[in-house]
Amino acid sequence: MVMNTFKAGVIQFNVSMGDVDANMEKALSYIDMLAEQGACLAVLPEMFSCGFDNERLKEHAGKTAQAIDALSAVARRHNMVVAGSFPEFAGENVYNTLYVIDGDGTVNDGYRKLHLFRLTDEHRYFSPGSKIVTADTAIGRIGLLICYDLRFPELARAIALAAARILIVPAQWPTPRAMHWQTLLRARAIENQVFVIGANRTGADEDLAFPGLSAIIDPWGQVLAEAGDQDGVILSELDMARVTEARAQIPVMTDRRSDIYG
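Just so it is clear, the model here is predicted, and its values are computed rather than measured.

Attention now moves to the packing of helix α1 (residues 20-36) against helix α3 (residues 64-78). Closest axis-to-axis distance for the α1/α3 pair is 11 Å, and the angle between their directions is 10°. Judged on the interaxial angle alone, α3 and α1 are roughly parallel. Every residue of α3 that contacts α1 at M24, L28, I31, D32 and A35 is listed here: A67, A70, L71, V74, R77 and H78. Taken together, the residues of the contact of α1 with α3 break down into eight nonpolar, one polar and two charged.

This part is about the nonpolar core. If you look at the biggest cluster of nonpolar residues, it comprises 52 residues, and the most contacted ones within it are I168, I197 and L238. At five residues, helix α6 (residues 178-192) tops the list of elements feeding residues into this core. Residues in contact with I168, not counting those within four places in the same chain, are V43, A83, L98, V100, I142, G143, L144, L145 and I197. Residues I11, F13, V20 and L71 belong to the second largest nonpolar core, which totals 30 residues.

A few words on the pairing of strand β7 (residues 140-144). Judged by how many residues are buried, β7 sits mostly within the fold: four of five residues are covered. Pairing geometry for strand β6 (residues 134-137) and β7, over four bridges, is antiparallel. Its bridge partner lying in β7, D136 is registered against R141. Turn length for the β6-β7 hairpin, with the two strands adjacent in sequence and antiparallel, is two residues. Note: β7 against strand β8 (residues 166-170), three bridges, orientation parallel. From the neighbouring strand, G143 faces β8, where its bridge partner is L167.

Calculation criteria
- Residues numbered from 1 in each chain as written.
- Predicted model: local features only at pLDDT ≥ 70, side-chain atom pairs only at ≥ 80, totals over all residues.
- Heavy atoms only, no water.
- Axes fitted to C-alpha atoms, helices over the stretch in contact; angles between N-to-C directions.
- Helix = DSSP H or I, 4+ residues; strand = E, 2+ residues; numbered from the N terminus.
- Parallel < 35°, antiparallel > 145°, perpendicular 65-115°, else oblique.
- Contact = heavy atoms within 4.5 Å.
- Nonpolar A, V, L, I, M, F, W, Y, C, P; charged D, E, K, R; others polar.
- Core = buried A, V, L, I, M, F, W, Y, C linked by side-chain atoms within 4.5 Å.
- Buried < 20%, exposed > 50% of the residue type's maximum accessible area, 1.4 Å probe, protein only.
- Pairing = 2+ DSSP bridges.

Function-wise, these values are silent; they only describe arrangement.
And the structure:
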């Protein structure tokens, strides 16, 4: 039975470049912390297991299965949905893949990042995904985006039309564009009348700093919880009735002109 009211949590921390063991230790500790506060969902940042250690991606991808097993075990122990992005090696390609693990430890189909960020040469190291993915879980259907995907409203709308009531966005979004991060998270929530959960990292990689500012936003664009720039967790209760309420009061989905613009 899908839950209509539950607590959702976000984890943000300074991802240690290339150190899978250290990053997993942090992640598991924060998941335990959220579990103690009654969270039913935990969202981790983009590429949290190794960062964008691009020259060693295949090596790190070789540890992804073991990392997912560890997350599956903790998800099952806490009866919690857990989501995070890892490098995935398939054939000759490496993907930035977001996995959602259900409360019984089941691993849902991974979402491979569709839009690769050319400003940091992601397209040189990763292959793009080729499909939109939603994950059906004990807390409902979750739509999946990763970082740069947030700039493409078409993707978020397609996910919302596929009956997802929550969008999650793991990210490594940098400080110079922090205002864009905050604005786009709220915009995707308001225009699609869904909950949006953004999990950003903190700290810095060489010249690039990250502001944190992870957030949980309701279908009206209200920020229910927002982190600062320090490592830690945020938590908020999500009431799915807010989605129904927003769509009843402002019937955006009903009034769409799909006959004109698809």
